[in-house]
Amino acid sequence: MLTKLDGTAKGGVVIGIVAENKIPIKFIGVGEQIDDMEIFNSEDFVNAII
(Lines give C-alpha, C1' and ligand atoms only; values in the text may rest on other atoms or scores of the structure.)
Protein backbone atom coordinates (compact mmCIF):
# COMPACT_ATOMS: atom_id res chain seq x y z
CA MET A 1 0.00 0.00 0.00
CA LEU A 2 1.31 3.41 -0.92
CA THR A 3 -0.28 6.28 0.98
CA LYS A 4 -0.46 9.98 0.21
CA LEU A 5 -0.09 9.52 -3.53
CA ASP A 6 -1.35 12.97 -4.44
CA GLY A 7 0.77 13.46 -7.53
CA THR A 8 2.84 11.48 -9.98
CA ALA A 9 6.00 13.39 -9.02
CA LYS A 10 5.81 12.08 -5.46
CA GLY A 11 4.40 8.77 -6.63
CA GLY A 12 7.35 8.09 -8.92
CA VAL A 13 9.07 6.61 -5.88
CA VAL A 14 6.79 3.59 -6.28
CA ILE A 15 8.94 2.36 -9.18
CA GLY A 16 12.01 2.17 -6.96
CA ILE A 17 10.11 0.56 -4.09
CA VAL A 18 8.79 -2.22 -6.31
CA ALA A 19 12.13 -2.77 -8.06
CA GLU A 20 14.19 -2.89 -4.86
CA ASN A 21 11.82 -4.92 -2.69
CA LYS A 22 10.24 -7.17 -5.33
CA ILE A 23 6.79 -6.62 -3.86
CA PRO A 24 3.72 -5.32 -5.67
CA ILE A 25 1.76 -2.22 -4.78
CA LYS A 26 -1.90 -3.24 -4.38
CA PHE A 27 -3.55 -0.09 -3.04
CA ILE A 28 -2.87 3.65 -3.12
CA GLY A 29 -4.12 6.49 -0.97
CA VAL A 30 -4.97 9.54 -3.04
CA GLY A 31 -6.29 11.74 -0.26
CA GLU A 32 -6.66 11.94 3.47
CA GLN A 33 -9.94 10.10 4.04
CA ILE A 34 -10.51 6.35 4.23
CA ASP A 35 -12.65 6.61 1.09
CA ASP A 36 -9.60 7.91 -0.78
CA MET A 37 -8.07 4.42 -1.01
CA GLU A 38 -8.01 2.96 -4.51
CA ILE A 39 -6.79 -0.23 -6.12
CA PHE A 40 -3.44 0.52 -7.75
CA ASN A 41 -3.50 0.24 -11.54
CA SER A 42 0.05 0.22 -12.87
CA GLU A 43 -0.99 0.99 -16.46
CA ASP A 44 -2.91 4.10 -15.40
CA PHE A 45 0.02 5.15 -13.22
CA VAL A 46 2.57 4.83 -16.02
CA ASN A 47 0.29 6.65 -18.48
CA ALA A 48 -0.03 9.53 -16.01
CA ILE A 49 3.75 9.82 -15.72
CA ILE A 50 4.56 9.83 -19.43
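## Brief notes about the confidence of the model for the protein chain
Inference 1: Looking at the protein chain, the pLDDT average stands at 79 and 80% of residues meet or exceed 70.
Inference 2: Per-element confidence in the protein chain ranges from a low mean pLDDT of 60 for helix α1 (residues 8–11) to a high of 89 for strand β2 (residues 37–39).

## Quick look at a nonpolar patch on the surface
Inference 1: Together, Met 1, Phe 27, Ile 34, Met 37 and Ile 39 give the surface a local cluster of nonpolar side chains, amounting to about 570 Å² of exposed area.
Inference 2: Mapping Ile 34 onto the fold places it in the loop between β1 (27–29) and β2.
Inference 3: On the basis of relative accessibility, which here comes to 71%, the residue Ile 34 falls in the exposed class.

Definitions and limits used
Residues numbered from 1 in each chain as written. Predicted model: local features only at pLDDT ≥ 70, side-chain atom pairs only at ≥ 80, totals over all residues. Heavy atoms only, no water. pLDDT = per-residue confidence, 0-100. Helix = DSSP H or I, 4+ residues; strand = E, 2+ residues; numbered from the N terminus. Patch = residues over 30% accessible without salt bridge, like charges linked within 9 Å, V, L, I, M, F, W, Y side chains within 5 Å. Areas by Shrake-Rupley, 256 points an atom, 1.4 Å probe, with all protein chains shown as cover. Salt bridge = Lys/Arg side-chain N within 4 Å of Asp/Glu carboxyl O. Buried < 20%, exposed > 50% of the residue type's maximum accessible area, 1.4 Å probe, protein only.

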